[in-house]
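# Residue-level structural notes
Listed below are the residues making up each chain.
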Number of protein chains: 2
Amino acid sequence: MSFSGSPETTNQRLLLLHRLPRFKTMFLSKLRTSYRILNPFDESDPSFLHLSSSVRLMLCVGPSPVTSETLNTYPSLECIVGTSAGFDHFDLAECRRRNIRVTTAGDSFSDDAADYAVGLLIDVLRGISAADRFVRAGSWPVIGELSPLGYKVGGKRVGIVGLGSIGTRVSKRLEAFGCSIAYTSRRMKPNVPFPFHSNIHDLATNSDVLILCCALTEETHHIIDKEVLTALGKEGIVINVGRGALVDEKELVEFLKRGEIGGAGLDVYENEPHVPEELFGLDNVVLSPHLAVLTPESMEALEELFTYNLEAFFSNKPLRAQIEYE
Amino acid sequence: MSFSGSPETTNQRLLLLHRLPRFKTMFLSKLRTSYRILNPFDESDPSFLHLSSSVRLMLCVGPSPVTSETLNTYPSLECIVGTSAGFDHFDLAECRRRNIRVTTAGDSFSDDAADYAVGLLIDVLRGISAADRFVRAGSWPVIGELSPLGYKVGGKRVGIVGLGSIGTRVSKRLEAFGCSIAYTSRRMKPNVPFPFHSNIHDLATNSDVLILCCALTEETHHIIDKEVLTALGKEGIVINVGRGALVDEKELVEFLKRGEIGGAGLDVYENEPHVPEELFGLDNVVLSPHLAVLTPESMEALEELFTYNLEAFFSNKPLRAQIEYE
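Residues numbered from 1 in each chain as written. Chains lettered and ligands numbered in written order. Predicted model: local features only at pLDDT ≥ 70, side-chain atom pairs only at ≥ 80, totals over all residues. Heavy atoms only, no water.

## So, the domain arrangement of chain A
All names here are of chain A.
- For chain A, the assigned domains are domain 1 (14-104 + 296-315) and domain 2 (109-287).
- The interface of domain 1 with domain 2 comprises 11 residues on the first partner and seven residues on the second.
- Between domain 1 and domain 2 the total buried area reaches about 740 Å² when both faces are included, carbon and sulfur atoms providing 59% of it.
- It is Arg22, Asp88 and Ser298 that lose the most area in domain 1 upon contact with domain 2, and together they represent 55% of the buried surface on that side.
- Here domain 1 is connected to domain 2 by one salt bridge.
- With a closest N to O distance of 3.0 Å, Asp88 and Arg243 form a salt bridge.
- Counting across the domain 1 and domain 2 interface gives three residue pairs in polar contact (both at pLDDT 80 or more). (Domains from an automatic or database assignment. Contact = heavy atoms within 4.5 Å. Buried area = accessible area lost by both parts, 1.4 Å probe. Salt bridge = Lys/Arg side-chain N within 4 Å of Asp/Glu carboxyl O. Polar contact = N/O pair within 3.5 Å; in protein donor to acceptor, adjacent residues only side chain to side chain.)

## Digging into the UniProt feature "domain: D-isomer specific 2-hydroxyacid dehydrogenase catalytic" (unreviewed entry) in chain A
- Mapped onto this numbering, the UniProt entry gives "domain: D-isomer specific 2-hydroxyacid dehydrogenase catalytic" (unreviewed entry) at residues 57-322 of chain A.
- Structurally, residues 57-322 of chain A is divided into 35% helix and 14% strand, and its ends, taken at the C-alpha atoms, are 14 Å apart. (UniProt positions renumbered as here; feature names shortened; annotations may be inferred. Helix = DSSP H or I, 4+ residues; strand = E, 2+ residues; numbered from the N terminus.)

## Some points on the interface of chain B and chain A
- The interface of chain B with chain A comprises 61 residues on the first partner and 61 residues on the second.
- Contact between chain B and chain A buries roughly 5,100 Å² in total, counting both sides, with carbon and sulfur atoms accounting for 62%.
- Per-residue buried area on chain B facing chain A is highest for Arg126(B), Arg136(B) and Trp140(B); these three make up 17% of the total on that side.
- On the surface where chain B and chain A come into contact, there are six salt bridges.
- Across the pair Arg133(A) and Asp132(B) runs a salt bridge whose closest N-O atoms are separated by 2.8 Å.
- Every element with two or more residues in the side of chain B that touches chain A is listed here: helix H6 (110-126), helix H7 (128-136), helix H8 (139-143), helix H9 (165-175), strand S11 (285-287) and helix H13 (296-314) of chain B.
- Sorting elements by how many residues they give to the side of chain B that touches chain A places H6(B) first, with 10 residues.
- Among the residues forming the side of chain B that touches chain A, the class breakdown is 34 nonpolar, 10 polar and 17 charged. (Nonpolar A, V, L, I, M, F, W, Y, C, P; charged D, E, K, R; others polar.)

## Brief notes about the nonpolar core
- Counting residues in each nonpolar core, the largest one holds 114 residues, and the members touching the most others are Val170(A), Leu174(A), Ile211(A), Val170(B), Leu174(B) and Ile211(B).
- Ignoring anything within four residues of it in the chain, the contact list for Leu174(A) reads Val118(A), Leu121(A), Val158(A), Cys179(A), Ile181(A) and Ile211(A). (Core = buried A, V, L, I, M, F, W, Y, C linked by side-chain atoms within 4.5 Å. Buried < 20%, exposed > 50% of the residue type's maximum accessible area, 1.4 Å probe, protein only.)

## Some details on the pattern of salt bridges
Residue and element names in this part refer to chain A.
- A full pass over the atoms with the stated rule returns 37 salt bridges over all chains.
- Notably, a salt bridge pairs Arg258 with Glu260, separated by 3.1 Å at the nearest N-O pair.
- Overall, the relative accessible area of 43% leaves Arg258 in the partly exposed class.

## Notes on the sheet that holds strand S8 (residues 209-212) of chain A
Residue and element names in this part refer to chain A.
- If you walk across this open sheet you meet the six strands as S7-S6-S8-S9-S10-S11, and the pairing is parallel. Strands at the two margins of the open sheet, each flanked by one partner only, are strand S7 (180-184) and strand S11 (285-287). Neighbour to neighbour, the strand axes of the sheet diverge by 15° on average, direction disregarded.
- In this sheet, strand S10 (residues 263-266) lies alongside strand S9 (residues 237-240) in parallel orientation, the contact comprising four bridges. Note on S10: the bridge partner recorded for Ile237 is Gly263. (Pairing = 2+ DSSP bridges. Axes fitted to C-alpha atoms, helices over the stretch in contact; angles between N-to-C directions.)

## Brief notes about unusual backbone geometry
- A cis amide bond links Glu272(A) to the next residue, Pro273(A), at an omega of 5°.
- If you trace the backbone, Pro273(A) turns up in the loop between S10 and S11.
- Positive phi is not limited to glycine here, since Ala321(A) has a value of about 50°.
- Looking at the secondary structure, you find Ala321(A) in the segment after helix H13 (296-314).
- Phi is positive for His290(B), close to 50°, though the residue is something other than glycine.
- In this structure His290(B) comes out as partly exposed when scored by relative accessible area, which is 22%.

## Quick notes on the relation of the copies chain B and chain A
- Once chain B has been moved 0.0 Å along the axis and rotated by 180°, it coincides with chain A to within an RMSD of 0.1 Å. Overall, the copies show the geometry of a two-fold rotation axis. The C-alpha atom lying nearest the rotation axis in chain B is that of Ser129(B); the distance is 2.5 Å. (Least-squares fit on C-alpha atoms with pLDDT ≥ 70 in both.)

## Here we look at the sheet that holds strand S2 (residues 36-38) of chain B
Residues and elements named next belong to chain B.
- Here five strands make up an open sheet; going across it, the order is S2-S1-S3-S4-S5 and the pairing parallel. Here the strands that pair on one side only, and so sit at the sheet edges, are S2 and strand S5 (101-103). If you compare each strand with its neighbour and ignore which way they point, the axes differ by 25° on average.
- Across four bridges, the pairing between strand S3 (residues 57-60) and strand S4 (residues 79-82) is parallel. Within the sheet, the bridge partner assigned to Met58 lies in S4 and is Ile80.

## Quick look at the packing of H6(B) against H9(B)
All names here are of chain B.
- Two numbers describe how H6 lies on H9: the axes approach to 8 Å, and their chain directions differ by 50°. As far as their axial angle goes, H9 and H6 are oblique. As for how H6 packs across H9, the hand of that crossing is right-handed. Residues Ser110, Asp111, Ala113, Ala114, Asp115, Ala117, Val118 and Leu121 of H6 form the contact with H9, whose participating residues are Ser165, Ile166, Arg169, Val170, Arg173 and Leu174.
- Of the residues belonging to the contact of H6 with H9, the class tally is eight nonpolar, two polar and four charged. (Parallel < 35°, antiparallel > 145°, perpendicular 65-115°, else oblique. Left-handed = near helix turned anticlockwise from the far one by under 90°.)

## A word on the UniProt feature "domain: D-isomer specific 2-hydroxyacid dehydrogenase NAD-binding" (unreviewed entry) in chain A
- UniProt feature "domain: D-isomer specific 2-hydroxyacid dehydrogenase NAD-binding" (unreviewed entry): in the numbering of this structure it lies at residues 118-292 of chain A.
- Within the segment residues 118-292 of chain A, helix and strand shares are 31% and 14% respectively, and the terminal C-alpha atoms sit 11 Å apart.

## Remarks on the packing of aromatic side chains
- Considering all chains together, one arrives at 11 aromatic pairs over all chains under this definition.
- Taken together, a centroid distance of 5.3 Å and an interplanar angle of 55° make the contact between Tyr183(B) and Phe196(B) tilted. Separated by 13 residues along the polypeptide, Tyr183(B) in strand S7 (residues 180-184) and Phe196(B) in the loop between S7 and helix H10 (200-205) bring together distant segments of the chain.
- Classification of Tyr183(B) by relative accessible area gives buried; the value is 0%.
- Each residue in the set Tyr35(A), Phe313(A) and Phe314(A) is aromatic and connected to the rest through ring pairs, giving one cluster.
- Lying over the aromatic face of Tyr308(B), Arg320(B) brings its terminal NZ or CZ to 3.8 Å of the ring centre. (Phe/Tyr/Trp six-rings, centres within 6.5 Å; stacked < 30°, edge-to-face > 60°. Lys NZ or Arg CZ within 6 Å of the ring centre and 35° of its normal.)

## Focus: helix H6 (residues 110-126) of chain A
Residues and elements named next belong to chain A.
- End to end, H6 covers 24 Å across 17 residues, agreeing with the expected 24 Å (1.5 Å per residue, within 8%).
- Within H6, 16 of the 17 residues are buried, which leaves the element mostly enclosed by the surrounding structure.
- The positive-phi residue at the C-terminal boundary of H6 is Gly127, with phi of around 70°. (Expected span 1.5 Å × (residues − 1).)

Right, here's the structure in full:
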């Protein structure tokens, strides 16, 4: 793989950088050595209009939406190299219709997402963030003991929603803590030792904890709703490292406020970066700003993957982590 | 095992309740049905002075110090039933000289302590508590991304200080995350697959993380000192679920303030409930008020153990979790 083409070659290797303004790009200067970058935010580039009609390759940063309007802007697009584990931000029906190939972050993030899910669960059960607040507020010498006590991790019945690359890693980790695992998924997985529930309601009824690791699709939108939360019950815990819209957030907030479920660990939200402020006062929730997959190590793995895919596109090699249209 | 003796029997079953005022006792009323409780804080008990000379059995709540002065107050003492996993709060030399048997919490807490150690490590590496503060402060929509990124859990070289019942459980959990484990201990353990380092300095040099799970003894006092912190290095992390005085706290604070180690997760401190305030502003430390072992489930296991031991004393049965004098 060589990236140092002559200026002419680089000029032909046109790359559209597609992103929401809030997603930063740390790798831009590196890409510039190999590609002619087309940046919609760079108003000083007079050739944008001209080039946007001929650009064939898009690098989509994070879950920046690629709608049919976006796609209409780029009539020559053949391939979208994604950098996100999910793919709900792509209009896949339109991509398929136009025969545009789409790739994701593949497994680059799976270990980190699984680690983070387990970290959130231990935190919610054992109250680590709440304890940290208590100590930093200087309350220990004044109040004495922090109450109520948390709950033991071992023995918890953990229901994994989506036993893919992240869910499988979560299950492996939590088995080492003595949790019992069950799961739901589009279909039962072969060679998996854990009980399978064909629907989320049964899984919730038989679980102390639900961990959301699935992709957001039409079928999984609001998969955690009022009925599921009721089935999970007063001491149940929801951990979400998938996508915010897997959960009916309004209902979740109500259940948490009324103490009708036990707690939640949330890395994703329906309307990011907006987080419901009613949660800010609750000690049985742990909140983080969509960073479950963000470590320098996984960023490196991701950069390797998308760099490979960009190059593969121009050399007509097979892409990695390509979405297969059903 | 029957606890409902006649008043005369109960009167003979004298039990000294020994505790620091800040340790609460949730099980007192239950004990009263089986024992005549001698409570040094109950000034309304006119028989204290008289009974203190004849009491044979002490229930020691938490790590309340039992010094030689304490022991001098109770000349007839034969047995101390402890409720703490550690035993550094006992003057064991004096107990041994007087032939007083001493018990601990045994394994009641080991799973919880191990879970908590892993929770603290994930939190420090991935910045969960810091992320939670960031979201609750409303900073996400304003600042955008939280930086710096945390670090991946997998691949970290974890050095366990004291591979006993807690350390072994920590190692089992962290192997499932893809960490590599090594340890130091008084002596090399048979049938343990992990590399053994005969001294803490070598372990620190070869580790990204040190997890303190050992008892506090004369040998382990300040086992983490300036030299060890230097050997651990700029990105090294210290997790302490053992005892505060395993660490030279003043040095640790200086190393953290100067960025000369990477972070720390602390559940215990040298001068509890005092926590060095210089730590309150640091995002790479996680602080909790000595609650690593506190879950309702482990409290139940503990109560079962000490209830058994109290009864065993009066029925001349072998004690459980008794400290063996070397």
